[in-house]
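# Notes for the structure review
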Amino acid sequence: MSKIAAFGEVMMRLEAPGFQTLAQSSNLAYSFSGSGVNVVSALSRFGHETYLASTLPDTPLGDAALAYLRKLGIQTPFVNRGGKYVGMYFLEHGFGLRPSKVTYTDRLGSSFNTVPHAPEDWERIASAVDAVHFCGITLAMNDLARTQIKQLAREVKQHGGTVIFDCNYRPSLWGEGGYALATPHYREMLELADIVFMNEKDAMLTLGMTSAGADRTEQLQELIPQVAKEYSIGTIAGTHRQVNGDNTHSLVGYLYTDEAFFYSLPVTFSVYDRVGAGDAYASGIIHTRLRGDEPQYAVDYATAAAVLAHTVHGDTPMATEADVVRAMSRTAGDVER
């Protein structure tokens, strides 16, 4: 198994109970997450040695976040301490026509976005691991975050490691004119990346590409090969989701490698908690590709991991390798005795 790190912010999730809105509820439950946290936590359950590179405040709240990371199986020698704040978001679960809603606090004041790592940290991290996961959410933060993500990605590349980049564009974080602002930063990361998570919308809106495709699948099949060729990316993967009228979701995973597309079978399922499912899919692709599995197995595995993530509470995927393999058989769950 591999040694894998993620570079990203640790977020505090403050959640209204059940399907209540913030206006209704007087109680909030908290936990810690973040795209990188979710990905490497899932990979630790698949047997990899995982790390997080981040910054947390040197306060009791920072201590609580650090303890939470360790409980998830994530090693923390690359977590920087300093500053005063943890980034936070409020979550309201949607139901029916009402979508789930995420409301961020002032993330730009968090320790991750205000306290720099020491310059020698990048070589220390890159020399210790086989791969590092990066997320487009970090690019949306500020100049410090953008500078550090690129510094570490370049160091990983120089050490012969695998650079993993999830586009994960969030309009609410980039603001007005965000796509134009994001384009040069996304291009820099794509030039360094070996495994990328993106869809046709990322290609069109963030990279400014055009397509004659009549639907999402045709657009995907036209644009993703162009991205892979232009940036010399070995693997590009992602999912297409459909929300059904009965509150179920349908998901299809895709993977492009060696000039060929591979798709999972469509899966329709009930949703308990949607947040973090994309990170579960990413963990499945990373796990299988680094292990050298066949592309069809990789996309089937990752799709099953994503579906399982919808069945547990919280952002962080909890499935083991055995859980995912069992889910790939599409058998209904019964009580295991």
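Throughout what follows, the structure given in this document is the object of discussion. Keep in mind the model is a prediction, meaning the values are calculated, not measured.

Cut-offs applied
All residue numbers refer to positions counted from 1 along the written sequence of the respective chain. For this predicted model, a pLDDT threshold of at least 70 governs which residues receive local features, and a threshold of 80 or more governs which side-chain atom pairs are given and counted, while totals over whole chains, interfaces and linings are taken from all residues. Only hydrogens and water are removed before side-chain values are computed, so all heavy atoms of the structure are retained for them. Every helix listed is a DSSP run of H or I at least four residues long, and every strand listed is a run of E at least two residues long, numbered separately from the N terminus. The globule rule is 2.2 Å times the number of residues to the power 0.38, and the radius of gyration it is compared with is taken over C-alpha atoms. Buried, partly exposed and exposed residues are distinguished by accessible area as a fraction of the type maximum, computed with a 1.4 Å probe on protein chains only: under 20%, between the cut-offs, and over 50%, respectively. Note on definitions: a residue-residue contact is assigned when non-hydrogen atoms from the two residues lie within 4.5 Å. Note on areas: these come from Shrake-Rupley sampling with a 1.4 Å probe, and a residue is covered only by the protein chains present in the view. All tallies of charge rest on Lys and Arg as positive and Asp and Glu as negative; His and the ends of each chain are not included. Working definition for charges: the position is that of NZ of Lys, CZ of Arg, CG of Asp or CD of Glu. When a carboxyl oxygen of Asp or Glu is within 4 Å of a side-chain nitrogen of Lys or Arg, the pair counts as a salt bridge. Only C-alpha atoms enter the line fits that serve as axes; for helices the fit covers just the stretch in contact. Angles between N-to-C directions range over 0 to 180 degrees. An angle counts as roughly parallel when it lies under 35 degrees, as roughly antiparallel when it exceeds 145, as roughly perpendicular when it falls between 65 and 115, and as oblique in every other case. Handedness of a crossing follows from how the near helix is turned relative to the far one, being left-handed for an anticlockwise turn of less than a right angle and right-handed for a clockwise one. Gly is put with the polar residues, along with every residue not named as nonpolar or charged; the nonpolar set is Ala, Val, Leu, Ile, Met, Phe, Trp, Tyr, Cys and Pro, and the charged set is Asp, Glu, Lys and Arg. What qualifies as a polar contact is a pair of N or O atoms within 3.5 Å, subject to a donor-acceptor requirement within protein and to the restriction that residues adjacent in sequence count only when both atoms come from side chains. Each residue after the first adds 1.5 Å to the expected span of a helix. Disulfides are defined as cysteine sulfur pairs within 2.5 Å.

The secondary structure content of the protein chain amounts to 13 helices and 14 strands. Compactness check: the protein chain gives a C-alpha radius of gyration of 19 Å against a globular reference of 20 Å for 337 residues, within 12% of the reference. Taking the principal axes of the C-alpha coordinates as reference, the protein chain spans close to 50 × 45 × 45 Å. Across the 337 residues that make up the protein chain, the buried fraction comes to 54%. Summarising the internal contacts of the protein chain: among those between residues at least 6 apart in sequence, 69% fall at separations of at least 24. About 14800 Å² of surface is accessible on the protein chain, with carbon and sulfur atoms providing 52% of the total. Placing the 27 positive and 37 negative side-chain charges of the protein chain at their respective mean positions leaves the two points 4 Å apart.

Per the counting criterion, the structure on display carries 14 salt bridges. Among the salt bridges present, the one from D194 reaches K157, with a minimum N-O distance of 2.8 Å. Taken together, the positions of D194 in the loop between α8 (178-192) and β10 (195-197) and K157 in helix α6 (residues 143-158) put the pair 37 residues apart, joining distant regions of the chain. Across the pair R291 and D293 runs a salt bridge whose closest N-O atoms are separated by 2.7 Å. For R291, a relative accessible area of 34% gives the class partly exposed.

Below, the discussion takes up the packing of α6 against α8. Two numbers describe how α6 lies on α8: the axes approach to 10 Å, and their chain directions differ by 15°. Classified by the angle between their axes, α6 and α8 sit roughly parallel to one another. Between α6 and α8 lies a crossing of left-handed hand. Listed contacts from α8 to R146, I149, K150, A153, R154 and K157 of α6 are H185, E188, M189 and L192. Counted by class, the contact of α6 with α8 contains four nonpolar, one polar and five charged residues.

The next point concerns the side chain of H310. For H310, the position within the fold is in the loop between α12 (295-309) and α13 (321-328). At 2.7 Å, the side chain of H310 and the backbone oxygen of A306 are in polar contact.

Inspection of the secondary structure assignment puts S44 in helix α1 (residues 35-45). When neighbours within four sequence positions are excluded, S44 is seen to be in contact with T50, L72 and G73. A distance of 2.6 Å separates the side chain of S44 from the backbone oxygen of S41, its partner in a polar contact.

Right, let's talk about unusual backbone geometry for a bit. Excluding glycine, a negative phi dihedral is what most residues carry, and trans is how most peptide bonds are arranged. Positioned with a positive phi, S232 is a non-glycine residue whose angle comes to about 55°. Its location among the elements puts S232 in the loop between α10 (216-231) and β11 (235-243).

Turning our attention to α12. Taking 1.5 Å per residue as the helical rise, α12 with its 15 residues ought to reach 21 Å, and the 21 Å between its terminal C-alpha atoms agrees with that figure. In terms of burial, α12 is a largely internal element, eleven of the 15 residues being buried. Within the span of α12, buried status applies to P295, A298, V299, Y301, A302, T303, A304, A305, A306, V307 and A309. On its buried face, α12 is in contact with β12 (249-257), β13 (260-263), β14 (267-269), α11 (277-291) and α13.

Let's shift gears to the state of the cysteines. For the structure on display, the rule yields zero disulfides. Just so you know, C135 is unpaired, no disulfide at all, and the nearest cysteine sulfur is the one on C167, 9.2 Å from it. Residue C167 is classed as buried on the basis of its relative accessible area, which comes to 1%.

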